[in-house]
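Geometric and topological summary
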Amino acid sequence: QVQLVESGGGLVQAGGSLRLSCTASGRTFSNYHMGWFRQAPGKEREFVATISEIGVNTYTWYADFVKDRFTISRDNAKNTVDLQMYNLKPEDTANYLCAATLRVAGSSNPNEYDDWGQGTQVTVSS
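Residues numbered from 1 in each chain as written. Predicted model: local features only at pLDDT ≥ 70, side-chain atom pairs only at ≥ 80, totals over all residues. Heavy atoms only, no water.

**Notes on the pairing of strand β6 (residues 57-62)**
- Across six bridges, the pairing between strand β5 (residues 46-54) and β6 is antiparallel. Bridge pairing in β6 places Glu 53 opposite Thr 58. (Pairing = 2+ DSSP bridges. Helix = DSSP H or I, 4+ residues; strand = E, 2+ residues; numbered from the N terminus.)

**Some details on the nonpolar core**
- Counting residues in hydrophobic clusters, the biggest one holds 32 residues, and the most contacted among them are Met 34, Trp 36, Leu 83, Met 85 and Tyr 96.
- Of all the elements in the fold, those that place two or more residues in this core are β3 (18-24), β4 (33-39), β5, β7 (70-75), β8 (80-85), β9 (94-101) and β11 (120-125).
- The greatest single-element share of this core, amounting to five residues, is contributed by β9.
- Not counting the four nearest positions on each side in its chain, Met 85 is found in contact with Gly 16, Ser 17, Leu 18, Leu 20, Arg 69, Phe 70, Tyr 96 and Val 122. (Core = buried A, V, L, I, M, F, W, Y, C linked by side-chain atoms within 4.5 Å. Buried < 20%, exposed > 50% of the residue type's maximum accessible area, 1.4 Å probe, protein only. Contact = heavy atoms within 4.5 Å.)

**Points about the state of the cysteines**
- Counted by the stated rule, this structure contains one disulfide.
- Two residues, Cys 22 and Cys 98, share a disulfide whose sulfurs are 2.1 Å apart. Here the disulfide of Cys 22 and Cys 98 is left-handed, its torsion about the S-S bond being about -80°. Placement of the pair is Cys 22 in strand β3 and Cys 98 in strand β9, with a sequence separation of 76 residues. Here Cys 22 and Cys 98 have matching classes, each one buried. (Disulfide = S-S within 2.5 Å.)

Put into structure tokens, the structure is as follows:
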């Protein structure tokens, strides 16, 4: 089990950028598969990106609609996973949540994740 806290959200104009950060507790952070999800009011939680370290390699997966604009990264020494977002659009407006699991790598299914932060709000104005 890991505790997660997101930060970096805010209000930005369309075309702008934000960098979200998720800080995790736990000494075995590198073992966790980390994901970013987002949820707008009245909408289902949707997958954004995930990152895993398997062996000596790092793997990333992205939702098709964000992979050309967003980049996920992690720093195991700092127990953080970031989401760098460029060219933000009004439809990106949502609460962005960090999630973790020990069970699954590369999953876009929120039910596969066991631990969640409270989220950080991203609002993109037109």
